[in-house]
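Reading the structure
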Amino acid sequence: AEVEGILKKDPKDIAALDRRIAGLNLLGRTREANELCDEALKIESNRGFLWFNKGYCRYTEGRWLDAITFFEKASTYGNFDGLVLEAICFRKLGKFSECIEFTSKWIDRKHDQSGLFFIRGLARHALKQSKQLVCLDLRRALELAPGEESILKGYEKICLEADN
């Protein structure tokens, strides 16, 4: 309600628009969030959060290439929330080598991102790289996010089961 009041007074309040877009996405109303993003980008096109949300909308639609483009734009403007989703897009497209290159680049800068290690490990596994290398990434992801069930399951399936 607070955001709505701010936007009634000033429909171009970019911070309020950010909050409204985030709220719509949380509610699963990505089409509305995407439309509002388009309007907000007319006001301020160099806002990383808006580009991230455009990417997120495309991601939820399964439009992986479009999502990558928007996540890259978000990073250009300082928003790195889409890094793991961008890596997932590369995997979904079967671009495993590009996924490894992308995650490796970002791991050098953001070495605390469990998702980057996890996705790189899965991409390495898909390319049948050494189990030692794959499990090194998956183990690091697990160390960074010990309670993350998907990482634990991936690690157990790939690294603890014999000859999979």
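Residues numbered from 1 in each chain as written. Predicted model: local features only at pLDDT ≥ 70, side-chain atom pairs only at ≥ 80, totals over all residues. Heavy atoms only, no water.

Attention now moves to the side chain of Thr30. Within the secondary structure layout, Thr30 lies in helix H3 (residues 30-43). Discounting residues that sit within four places of it in the chain, Thr30 has contacts with Leu24, Asn25, Tyr56, Cys57 and Thr60. (Helix = DSSP H or I, 4+ residues; strand = E, 2+ residues; numbered from the N terminus. Contact = heavy atoms within 4.5 Å.)

Time to look at the state of the cysteines. Inspection of the entire model under this criterion finds one disulfide. Across the disulfide from Cys135 sits Cys159; the S-S distance is 2.1 Å. For the disulfide bridge between Cys135 and Cys159, the dihedral angle about the S-S bond is near -110°, and by the sign convention the bridge is left-handed. With Cys135 in helix H9 (residues 131-144) and Cys159 in helix H10 (residues 149-160), this residue pair connects regions lying 24 residues apart in the sequence. There is no split in this pair, since Cys135 and Cys159 are both buried. This cysteine, Cys37, is not joined by any disulfide, and Cys57 carries the nearest cysteine sulfur, 6.0 Å off. (Disulfide = S-S within 2.5 Å. Buried < 20%, exposed > 50% of the residue type's maximum accessible area, 1.4 Å probe, protein only.)

Keep in mind these numbers describe shape, not what the thing actually does.
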